[in-house]
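If you want the building blocks of each chain, they are given just below.
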Amino acid sequence: EAQVTQNPRYLITVTGKKLTVTCSQNMNHEYMSWYRQDPGLGLRQIYYSMNVEVTDKGDVPEGYKVSRKEKRNFPLILESPSPNQTSLYFCASSFGGVQPQHFGDGTRLSIL
Amino acid sequence: GENVEQHPSTLSVQEGDSAVIKCTYSDSASNYFPWYKQELGKRPQLIIDIRSNVGEKKDQRIAVTLNKTAKHFSLHITETQPEDSAVYFCAASTRAGNMLTFGGGTRLMVKP
């Protein structure tokens, strides 16, 4: 089954404790992206990757890192999480930036 | 950067009526405009998209229109059903198609 898999689905943690949210897709998509969703703000793009070893900042990259060492994986790293990063995060993938994006089920992060 | 505004933020209709959601965008270079539906607690799912070389696209009860001159596009849902109740997001491509900028979302409620 074609899917985008995120882990964990839920995480409560404390300020400053490094965390990684994993994202994996099995559709051989070249393009992958991370979004955060906050009430009234829609989805805002954090980082995206056009292909392996090619990443670029989105609209809200501060406090986040990503890597794309393999085509199928695109982890989101919060090296020193802060409460303003409490949000719902979605990973998405597609065959290209202007192709339909397939979203994962989301990861709800709470940072205390 | 691109700015996408979406209206209304909430919309309540009677079952069987039509619903219209409108979005405006700022970047005249945008050329891809998807619409996503997000049910409560679920991932966003693409319901229809349109590219800038097309003025209108239909898929059963759903249609999207695009006015490039005015830089606005709209989602039309006819014969609404209770299962159409969800949050709908419009988006526009930016940065040469490498990114999507989303509107703030419209909560559609279809009353039986």
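Before any of the text, the structure's been laid out above.
Computed from a predicted model, the values in this text were never measured in an experiment.

Chemist: What should I look at first to understand the packing of aromatic side chains in this one?
Modeler: For any two aromatic rings, the description comes down to two numbers: the centre-to-centre distance and the angle of the planes. Tallying each qualifying case throughout the model produces twelve aromatic pairs over all chains. Measuring from centroid to centroid gives 5.9 Å for A:Tyr64 and A:Tyr89, while their planes differ by 65°, and the two rings are edge-to-face. Note that A:Tyr64 is positioned in the loop between strand S6 (54-57) and strand S7 (65-66) and A:Tyr89 in strand S9 (residues 87-94), a separation of 25 residues in sequence. Given a relative accessible area of 5%, A:Tyr64 falls into the buried group. Given the relative accessible area of 0%, A:Tyr89 is considered buried. A ring pair is formed by B:Tyr25 and B:Phe33, whose centres lie 4.8 Å apart and whose planes are at 45°; its orientation type is tilted.

Chemist: In this structure, what is going on with the environment of B:Val4? I would like to understand it.
Modeler: All names here are of chain B. You can see Val 4 is positioned in strand S1 (residues 4-7). On the accessibility criterion, Val 4 (7% relative accessible area) is buried. Distance from Val 4 to Lys 58, taken between C-alpha atoms, is 22 Å for residues 54 residues apart in sequence. Look past the residues within four positions of Val 4 in its chain and what remains in contact with it is Cys 23, Thr 24, Tyr 25, Cys 90, Ala 92, Thr 101, Phe 102 and Gly 103.

Chemist: It is not clear to me how the interface of chain B and chain A should be interpreted in this structure. Could you clarify?
Modeler: Many authors give the size of an interface as the accessible area that is lost as the parts come together. If you look at the interface, chain B gives 21 residues, while chain A gives 23 residues. Summed over both partners, the interface of chain B with chain A buries about 1800 Å², with 49% contributed by carbon and sulfur atoms. Looking only at chain B, the three residues that lose the most surface to chain A are B:Arg43, B:Asn98 and B:Phe102, adding up to 30% of its buried area. Close ionic contact of A:Asp105 with B:Arg43 constitutes a salt bridge, the shortest N to O distance being 2.7 Å. Applying the counting criterion to the chain B and chain A interface returns six residue pairs in polar contact (both at pLDDT 80 or more). Contributions of two or more residues to the side of chain B that touches chain A are made by strand S4 (32-38), strand S5 (45-51), strand S9 (86-94) and strand S10 (99-102) of chain B. The leading source of residues in the side of chain B that touches chain A is S10(B), at four residues. Its residues assigned to classes, the side of chain B that touches chain A comprises eight nonpolar, eight polar and five charged.

Scoring rules and cut-offs
Residues numbered from 1 in each chain as written. Chains lettered and ligands numbered in written order. Predicted model: local features only at pLDDT ≥ 70, side-chain atom pairs only at ≥ 80, totals over all residues. Heavy atoms only, no water. Phe/Tyr/Trp six-rings, centres within 6.5 Å; stacked < 30°, edge-to-face > 60°. Helix = DSSP H or I, 4+ residues; strand = E, 2+ residues; numbered from the N terminus. Buried < 20%, exposed > 50% of the residue type's maximum accessible area, 1.4 Å probe, protein only. Contact = heavy atoms within 4.5 Å. Buried area = accessible area lost by both parts, 1.4 Å probe. Salt bridge = Lys/Arg side-chain N within 4 Å of Asp/Glu carboxyl O. Polar contact = N/O pair within 3.5 Å; in protein donor to acceptor, adjacent residues only side chain to side chain. Nonpolar A, V, L, I, M, F, W, Y, C, P; charged D, E, K, R; others polar.

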